[in-house]
Amino acid sequence: MIVTNLVASFVAYARDKGIVYTLKRSMKVCMRRIRKRLVSKDVVGKRPIDVMTSVEDVVKADFVAEPYVAPKKVDKAKLNIGWVLSPISIGSGGQHTIARFAKSLQERGHNVTFFIYESISQQPADYSHQLLKEHFDIDVRCLPMSQAEKEDIDVLFATGWETAYPVFNMKNPAHKMYFVQDFEPLFYGMGSKAVLAENTYRFGFYGITAGRWLTKKVGGYGMKADFFDFGADLDIYRPTGKTSKKKQICFYARPVTERRAFEIGVLTLAKFHQIHPDYNIVFFGWDVSDYDIPFPYENRGIVSPVELSSIYHDSQACLVLSLTNASLLPLELLAAGCVPVMNDGENNRLVIGENSDIVYTLDSPIELAKGLDEVVSDPDIEARCQRISKSAESSSWDASYEKFAKIIMREVTTASHERD
């Protein structure tokens, strides 16, 4: 309708003034608007200083001259616990884990609030609440970060490194803690973001890390920390009673996440396909339809946990690569009866453990392909998959939730009944 009206206006003006005059005048109007835009405060062509967080919060966080000092412990059995998160992203595994642990605190009677920090993108707190409820299975109070100092908070968690800066700057008597799920400086090339991420481990917060490898890493910066072990959702990732597997393997394919080594995985599977051209190869984790994959494959993209469990049940092995902290997938795979083939390294072994049911190899396409070949060539692969599933029956998240809650109580309260 708007376009129709504009065309009608143009035609009427042209009839009155002539087509040449009308075109010249239209061009002048367009150029005037462009010049106005160029000299406005949103100058075209200028790039903001991008540090993944608020520039103001970075320059304000004087952690050397004005270090954070933990307040006195409180004599309380139930705490008011705040978490500072960047805007909620439906596909975020890290935020899903945060929601999982926050919900476990709610179930123990603690009051939990999420504060949404809008340095990267804007997201109203009520919309964050809606996303969390619909996609992360948690009904939690959400507020903008600007309201955090007005709240009665006993514990305040930083999550991703970009949230550690506003947490440091908050003038609040809360115990400041850091929920560390990965060594985030490795997410970037050596530059400003890597250094700014490293510095957050010097803020003096007490860290609770996903696995012991991270406790060791952040300890190198003088950060005190404890860890929880990984678990698996055994209501989803469990044996189904199937007696046979398909001629199938799967691959956790995340080209948008560099630490998941997508390219090495594709080269590995190209080698595997040469050896076993009769095997179906299933990609999951991201839609890779616009990539030139040099062998036949099934592109499942982002799937639900139930769909993922079905892929595990049908597959004999799964290639899952991680170059920083270990993935959550290996324990899920074991519980579902699928053999994980992984790149070897302290980052994986310290977290997942010295598990003989996992095939660890050098992170070379040739060696990883040999690992996959070893699994599918096992004449007892069916029995092997059933055995590893039974061995993972105690790998639920319950023990992790319990330890997490105890660490908080130990560091924050004087209540001895909840301490180790």
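Coordinates for the structure precede this section.
Everything quoted here is computed from the prediction, not taken from an experiment. (Residues numbered from 1 in each chain as written. Predicted model: local features only at pLDDT ≥ 70, side-chain atom pairs only at ≥ 80, totals over all residues. Heavy atoms only, no water.)

(A) Representation of the state of the cysteines in the model. The final tally for this structure, using the stated rule, is 0 disulfides. Here Cys338 stays unpaired: no disulfide links it, and the sulfur of Cys250, its closest cysteine neighbor, is 4.6 Å away. You can call Cys338 buried: its relative accessible area is 0%. Looking at the unpaired Cys385, the closest cysteine sulfur is the one in Cys338, lying at 6.4 Å. Cys385 gets classed as buried once you look at its relative accessible area, which sits at 3%. (Disulfide = S-S within 2.5 Å. Buried < 20%, exposed > 50% of the residue type's maximum accessible area, 1.4 Å probe, protein only.)

(B) Representation of the environment of Leu156. Locating Leu156 in the fold gives a position in strand β4 (residues 155-158). Remark: the alpha-carbon pair of Leu156 and Phe115, spanning 41 residues in sequence, is separated by 9.6 Å. (Helix = DSSP H or I, 4+ residues; strand = E, 2+ residues; numbered from the N terminus.)

(C) Just the packing of helix α10 (residues 305-314) against helix α11 (residues 329-336), in detail. Relative to each other, α10 and α11 sit at 60°, their axes nearing to 9 Å. As far as their axial angle goes, α11 and α10 are oblique. Read as a crossing pair, α10 and α11 show a hand that is right-handed. Along the contact surface, α10 presents Leu308, Tyr312 and His313, while α11 presents Leu329, Glu332, Leu333 and Ala336. (Axes fitted to C-alpha atoms, helices over the stretch in contact; angles between N-to-C directions. Parallel < 35°, antiparallel > 145°, perpendicular 65-115°, else oblique. Left-handed = near helix turned anticlockwise from the far one by under 90°. Contact = heavy atoms within 4.5 Å.)

(D) Region of the structure containing the sheet that holds strand β2 (residues 111-116). Here we have 7 strands laid out as an open sheet, ordered β3-β2-β1-β4-β5-β6-β7, and parallel in their pairing. Edge positions in the open sheet fall to β3 (141-144) and β7 (225-228), since each of these has one partner strand only. Neighbour to neighbour, the strand axes of the sheet diverge by 25° on average, direction disregarded. Judged from the 4 bridges that link them, strand β5 (residues 175-180) and strand β6 (residues 206-210) form a sheet pairing that is parallel. (Pairing = 2+ DSSP bridges.)

(E) The arrangement of the side chain of His175 in detail. Relative to the helices and strands, His175 resides in strand β5. The class for His175 is buried, based on a relative accessible area of 6%. At a separation of 3.0 Å, a polar atom in the side chain of His175 contacts the main-chain carbonyl oxygen of Lys72. The contact partners of His175, leaving out residues within four places of it in the chain, are Tyr68, Ala70, Pro71, Lys72, Lys73, Asp154, Val155, Leu156, Glu411 and Val412. (Polar contact = N/O pair within 3.5 Å; in protein donor to acceptor, adjacent residues only side chain to side chain.)

(F) Broad picture of the side chain of Thr413. Among the structural elements, Thr413 can be located in the segment after α15 (398-412). At 2.8 Å, the side chain of Thr413 forms a polar contact with the backbone oxygen of Met409.

(G) Quick look at the pairing of β4. Neither face of β4 is exposed, since Val155 and Phe157 on one face and Leu156 and Ala158 on the opposite face are all buried. The pairing of strand β1 (residues 80-85) with β4 spans 4 bridges and is parallel. Bridge assignment links Trp83 to a residue of β4, and that residue is Phe157. Here 4 bridges tie β4 to β5, and the two strands are oriented parallel to one another. Residue pairing for β5: Leu156 is matched across the bridge by Lys176.

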